[in-house]
Amino acid sequence: MTVGRLLAAAISAIFLFALVGVEAIILRSAQGHLQHQLESLSQDAATSLGLSLGVLLRGGDPALAETVINPAFDRGHYERIEYISAGGERIVSRHLPAREGDYPAWFASAFRLHAPTAESFVSAGWQQAGRVRVTVHPRFAYEQLWGTARDTVILLVLIYAAALLVLRLVLRSVLHPLKAVEQAAQAISARRFVTLRIRPRTRELARVVEAMNSLSLKVSEALDAEARRAERLQVAAYQDPVTGLPNALGFTARFQTRYEGEDDAFGGVLALVDLADLGGINREIGTERCDELLRTLLLEMDDTAVQAGGSAARWGGAMTVLALPRLRAGAAREALTVLRGRIQAVLGDAGLPGHSRVYCGGAEAAGERPSLQGLVRGAQDALRKARATAEGVVVLEAEVAADAAPDDRPQAVRDALAERRLRLVGQTAYRMSDHRALHTEVLVRLDDAAGHEMSAARFMPFVVAQGLAEELDRAVIEKVLREAPRGEERISINVSARSTEQPAFVEWLAQRLARDRGLAARVAFEIPEHGVVRNVAAAADFAQAVRAAGAEFAIDHFGVHRDCLSLLQRLHPAYVKLAGAKLGRILTDAGAHYFAESLVRTARQLDIPVFAHHVEDEATFQAIASIGFSGYQGNLGGGPVPWPGR
């Protein structure tokens, strides 16, 4: 019950008691007064008639007596008027039949008035001629009493209605800040720390608003402090302090998360750029100017990588690594040659033409899913060869066997997707405390025409390259929702970030979930962090849409990007899964361990569980247990199995 309704009910109850009390007092008082008036009226009428008859009826003429009595009786105030002779003979008797007036019968029963009877002697001189008996009719008294009761009730009801209207207006003014406080409390419970701008006129509400703002500010400051601490740890561990670009650890984590999961594989060129004379430049111009020059040069390298759809990082010392995913060997060679010329031009403009030895070596990705280690080894081989050439640039092409048959897998993937030859497998995530199942992550495999299974590592590069990610997501979601067993099992489904950027896909998913909101409440949709960072607005719209449909939104491969913690407060996912690349360093890297602790503390204050992904052994499990992770998933709890189980 709202405060307004509670006050209205209390006022109504008080008014009801007041109405009953006032009515009882007024009516009882009026009843007594009218009863007294009736008695006086009967006595006065009897006395007046007795005197009139005594003067006029010296001879005792009955006709004359009736002439005197009729005018008084015809007024209707008397129920009975009788003239009785001295001998007891009834000479004149007028009687008014019993009838109700303009009042309800129950009212007359509740407030009964007695019809009084009065007598007066009729005397003619000293001789008694008889007596007059008058009984008053209470009809008019009842009508007067009923009118008093009715008018009193109407007046009090009008006062009550006016009081309720005034109360509503006052409460709207007084309690408006309370509604804002309620909304702020709900926002804080949802970990959205707002500040109230209202200033209530009532002292109590003003204190509540001040306390709410103080609580919101303190909790928000604590979260911000924890987030800044985690970001500092993230920067210290994965960012080069001189250039601001990722270091080798940061580049490795991003590459493995982006290209070595079940998403698109790396298909371009990985290059290494070596500034051979960096040590001499440092000695010649000093550390400060050398750092400034190095920042300028690495920005040139990062610009080249960004234009190719990739990124650059300081690999260590004078070595820089560039990921060029959109370029093949020939185009990468041209881009690196142009980059080498720009670097040498910058060195010349800085007055260092004698320190322009710059070498570039790259390796083109080969195989279905090349590893970073293999690409780095290839780039290092190419860099050694580049140092022995005048051009200073060597890019090794991917080796293709001369007699290799054309790869028919793209068509096989298209056919399998068109014919919906999907095979689902599931891997369960467990709670840390009691190993209770939290949810089952459903993964997809495709079957070729011969019925052989194709893993995601084999078909996802082709799905992404051919723009089939949305079609695959629709097919998987439809199959999962159709085959999901009844019960309480919670399900998570991976969704491509490319699909979430399509309004048509988001609308279709919302409509599909609306068909069975009970099932939707058991489903969570996971998006990889790199996809969320690429288009945060689209991810926010997707999260809002699935929540409105009754499902949940989560982030997978979390903790790689620098601004990952800001995603927690902005998107407030149902849970996050720490990236496997980060998890693998918790046991050996103190910075990674501290970052995981800060992440768990920050997420816990936002009521966001943090799960560890790719937990493969007991040592890792014990490490994440000591940090405070909420759950884990990996081969330690069991590998993927056909889903749903039969």
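Further up the page is the structure itself.
Rules and cut-offs
Residues numbered from 1 in each chain as written. Predicted model: local features only at pLDDT ≥ 70, side-chain atom pairs only at ≥ 80, totals over all residues. Heavy atoms only, no water. Core = buried A, V, L, I, M, F, W, Y, C linked by side-chain atoms within 4.5 Å. Buried < 20%, exposed > 50% of the residue type's maximum accessible area, 1.4 Å probe, protein only. Helix = DSSP H or I, 4+ residues; strand = E, 2+ residues; numbered from the N terminus. Contact = heavy atoms within 4.5 Å. Polar contact = N/O pair within 3.5 Å; in protein donor to acceptor, adjacent residues only side chain to side chain. Patch = residues over 30% accessible without salt bridge, like charges linked within 9 Å, V, L, I, M, F, W, Y side chains within 5 Å. Areas by Shrake-Rupley, 256 points an atom, 1.4 Å probe, with all protein chains shown as cover. Salt bridge = Lys/Arg side-chain N within 4 Å of Asp/Glu carboxyl O. Pairing = 2+ DSSP bridges. 1 Å grid on protein atoms, 1.4 Å probe; cavity = no way out; pocket = protein on both sides within 12 Å on 5 of 7 lines; lining within 4 Å. Points joined across faces, edges and corners; volume = space filled by probe spheres on them. Nonpolar A, V, L, I, M, F, W, Y, C, P; charged D, E, K, R; others polar. Phe/Tyr/Trp six-rings, centres within 6.5 Å; stacked < 30°, edge-to-face > 60°. Axes fitted to C-alpha atoms, helices over the stretch in contact; angles between N-to-C directions. Parallel < 35°, antiparallel > 145°, perpendicular 65-115°, else oblique. Arc of directions from axis to C-beta. Expected span 1.5 Å × (residues − 1).

In terms of nonpolar packing, the biggest core is built from 78 residues, with Phe459, Ile477, Leu509, Phe525, Phe542, Leu568 and Phe629 touching the most fellow members. At seven residues, the largest contribution of residues to this core is made by helix H13 (residues 469–483). Not counting chain neighbours up to four residues away, the residues in contact with Phe542 comprise Thr500, Phe505, Val506, Leu509, Phe525, Ile527 and Phe553. Leu324, Leu336, Val346 and Val358 belong to the second largest nonpolar core, which has 34 residues in total.

In this section: the side chain of His613. On the secondary structure map, His613 appears in strand S17 (residues 610–613). With a relative accessible area of 7%, His613 lands in the buried category. Only 3.0 Å separates the side chain of His613 from the side chain of His614, close enough to count as a polar contact.

Here the focus is a nonpolar patch on the surface. A contiguous nonpolar patch, built from Val3, Leu7, Ile11 and Leu178 and spanning about 260 Å² of accessible area, is present on the exposed surface. The dominant element in the nonpolar patch, judged by the number of residues it contributes, is helix H1 (residues 3–56), at three residues. With respect to the helices and strands, the residue Val3 is situated in helix H1. Note on Val3: relative accessible area 39%, which makes it partly exposed.

What follows deals with the pairing of strand S7 (residues 319–324). Side chains on a regular strand alternate between the two faces of the sheet. The element S7 is largely enclosed, with a buried count of six among its six residues. Burial along S7 is two-sided: Met319, Val321 and Ala323 and Thr320, Leu322 and Leu324, pointing in opposite directions, are all buried. Here strand S5 (residues 269–275) pairs with S7 via six bridges, running antiparallel. Within S7, the position partnered with Val273 by the bridge is Thr320. The turn joining strand S6 (residues 311–316) and S7, which pair antiparallel and follow one another in sequence, is formed by two residues; a positive phi near 65 degrees is taken by Gly317.

So, about the layout of surface pockets. Here the second largest pocket defines a volume of roughly 480 Å³. In terms of lining, the second largest pocket is formed by 15 residues, of which the most central are Thr2, Val3, Gly4, Leu171 and Leu175. With 10 residues, the top contributor of residues to the lining of the second largest pocket is helix H4 (residues 139–189). Here the lining of the second largest pocket is built from residues that sort into seven nonpolar, three polar and five charged.

With respect to the helices and strands, the residue Gln256 is situated in helix H6 (residues 248–259). Along the chain, Gln256 and Val560 lie 304 residues apart, while their C-alpha atoms are 9.9 Å from each other.

Let's shift gears to the pattern of salt bridges. Inspection of every chain in the model, using the stated rule, returns 25 salt bridges. With a shortest N-O distance of 2.8 Å, Glu119 and Arg133 are connected by a salt bridge. In this pair, Glu119 sits in strand S3 (residues 117–124) while Arg133 sits in strand S4 (residues 127–136), placing the two residues 14 residues apart along the sequence. Of the residues examined, Glu119 reaches a relative accessible area of 39% and is grouped as partly exposed. Across the pair Arg474 and Glu470 runs a salt bridge, and its minimum N-O distance is 3.1 Å. Of this pair, Arg474 and Glu470 both sit in helix H13, four residues apart, which is roughly one turn of that helix. The class for Arg474 is partly exposed, based on a relative accessible area of 24%. You can call Glu470 partly exposed: its relative accessible area is 23%. Three or more residues joined by partner-sharing salt bridges are found here, namely Glu82, Arg90, Glu119, Arg131 and Arg133.

Moving on to the packing of aromatic side chains. This model, assessed by the stated rule, comprises 10 aromatic pairs. Measuring from centroid to centroid gives 5.9 Å for Phe505 and Trp508, while their planes differ by 35 degrees, and the two rings are tilted. Placement of the pair is Phe505 and Trp508 together in helix H15 (residues 503–514), with a separation of three residues, close to one helical turn. An aromatic cluster is present here, built from Phe251, Phe255, Phe266 and Trp315 joined pairwise through their rings.

Let us now look at the packing of helix H7 (residues 278–285) against helix H8 (residues 287–307). Two elements in contact, H7 and H8, have axes separated by 7 Å at closest approach and are oriented at 135 degrees. By the angle between their directions, the pair H7 and H8 is classed as oblique. Facing Leu278, Ile281, Asn282 and Ile285 of H7, the residues of H8 in contact are Thr287, Arg289, Cys290, Leu293 and Leu294. Of the residues belonging to the contact of H7 with H8, the class tally is six nonpolar, two polar and one charged.

Those residues of helix H19 (residues 564–571) lying buried are Cys564, Leu565, Leu567, Leu568 and Leu571. Down the axis of H19, the buried set is contained in an arc of 150 degrees. They therefore lie on one face. Just downstream of H19, His572 is the residue with a positive phi angle, here 45 degrees.

The next point concerns helix H21 (residues 590–605). Relative to the 22 Å expected for 16 residues at 1.5 Å per residue, H21 spans 23 Å between its end C-alpha atoms, a close match to the ideal helical length. Where H21 terminates, the next one or two residues include Asp607, which has phi positive at roughly 60 degrees.

Let us now look at the sheet that holds S7. Across the sheet, which stays open at both edges, the five strands sit in the order S6-S7-S5-S8-S9 with mixed pairing between neighbours. Here the strands that pair on one side only, and so sit at the sheet edges, are S6 and strand S9 (393–396). The average undirected angle you get between the axes of adjacent strands in this sheet is 20 degrees. Of the strand pairs in this sheet, S5 and strand S8 (residues 358–364) are connected by seven bridges, and their pairing is antiparallel. Paired with Leu272 across the bridge in S8 is Gly361. Contacts from H6 reach S5, S6 and S7 within the one sheet, and its direction differs from that of S6 by about 135 degrees. Against the sheet, H8 makes contact with S5, S6 and S7, and its axis sits at roughly 20 degrees relative to S7, the strand it touches most.

Generally, phi is negative for residues other than glycine and the peptide bonds are trans, each holding for most cases. The omega angle of the peptide bond from Trp643 to Pro644 is -10 degrees, so this bond is cis rather than trans. Along the chain, Pro644 falls in the segment after strand S19 (641–642). Not every positive phi belongs to a glycine, and His572 is a case in point at roughly 45 degrees. With a phi angle near 60 degrees, His614 is a residue other than glycine that sits in the positive phi range. Relative to the assigned elements, His614 resides in the loop between S17 and helix H22 (618–627).

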